[in-house]
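Residue-level structure breakdown
This is what each chain is made of:
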Amino acid sequence: MEIREANVEDALELLEVIKNVEESGNMLFEPGERTISIDGVKEMIGRLNKLPSGALLVAVENQCLLGDMIVFKLLFI
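Residues numbered from 1 in each chain as written. Predicted model: local features only at pLDDT ≥ 70, side-chain atom pairs only at ≥ 80, totals over all residues. Heavy atoms only, no water.

**Quick look at the overall build of the protein chain**
Counting its secondary structure elements, the protein chain contains 2 helices and 3 strands. In the protein chain, the order of α-helices and β-strands from amino to carboxyl end is β-α-α-β-β. For the protein chain, the spread of C-alpha atoms along the principal axes amounts to about 40 × 30 × 20 Å. Across the 77 residues that make up the protein chain, the buried fraction comes to 29%. Long-range pairs, those at least 24 residues apart, make up 52% of the contacts in the protein chain between residues at least 6 apart in sequence. As presented, the protein chain carries roughly 5700 Å² of accessible surface, and 55% of it is formed by carbon and sulfur atoms. Looking at charge distribution, the protein chain has the averaged site of its 7 positive side-chain charges lying 8 Å from that of its 14 negative ones. (Helix = DSSP H or I, 4+ residues; strand = E, 2+ residues; numbered from the N terminus. Buried < 20%, exposed > 50% of the residue type's maximum accessible area, 1.4 Å probe, protein only. Contact = heavy atoms within 4.5 Å. Areas by Shrake-Rupley, 256 points an atom, 1.4 Å probe, with all protein chains shown as cover. Lys, Arg positive; Asp, Glu negative; His and termini not counted. Charge placed at Lys NZ, Arg CZ, Asp CG, Glu CD.)

Okay, structure coming up:
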């Protein structure tokens, strides 16, 4: 399994992963409560990966996107 930063080419598979998780009922909102589009996923990927303190990571195996994780580095002053 490979863990790497997401890119816009991952958007369609990532959209399917997100929909699958949201339909599971294991989120803080009900299935169908939130709508997400391919354009929204592309925007999310771009926005998160531009952050100096965060990234959107994906898990890939056999060229299949299996999951995602948003990470943020804590900045202590």
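Next comes the rest of the account.
**Section: the environment of alanine 11**
Looking at the secondary structure, you find alanine 11 in helix α1 (residues 11-23). Along the sequence, alanine 11 and leucine 56 sit 45 residues apart, while their C-alpha atoms lie 12 Å from each other. Setting aside chain neighbours within four positions, we find alanine 11 in contact with Ile38, Val41, Lys42 and Ile45.

**Comments concerning the pairing of strand β2 (residues 54-61)**
Of all 8 residues making up β2, 6 are buried, and the element is well covered by its neighbours. As paired strands, strand β1 (residues 2-5) and β2 are joined by 4 bridges and run antiparallel to one another. For isoleucine 3, the partnering residue across the bridge sits in β2 and is alanine 59. Relative to strand β3 (residues 64-72), β2 runs antiparallel, the two being bridged by 8 bridges. (Pairing = 2+ DSSP bridges.)

**Let's talk about the confidence of the model for the protein chain**
Looking at the protein chain as a whole, its pLDDT mean stands at 89, while 97% of the residues score no less than 70. The secondary-structure element of the protein chain with the lowest mean pLDDT is α1, recorded at 90, while β1 shows the highest, at 96. (pLDDT = per-residue confidence, 0-100.)

**Thoughts on a nonpolar patch on the surface**
Residues Met1, Ile3 and Leu66 make up a contiguous nonpolar surface patch of roughly 340 Å² in combined accessible area. With respect to the secondary-structure elements, isoleucine 3 resides in strand β1. Residue isoleucine 3 is classed as exposed on the basis of its relative accessible area of 52%. (Patch = residues over 30% accessible without salt bridge, like charges linked within 9 Å, V, L, I, M, F, W, Y side chains within 5 Å. Salt bridge = Lys/Arg side-chain N within 4 Å of Asp/Glu carboxyl O.)

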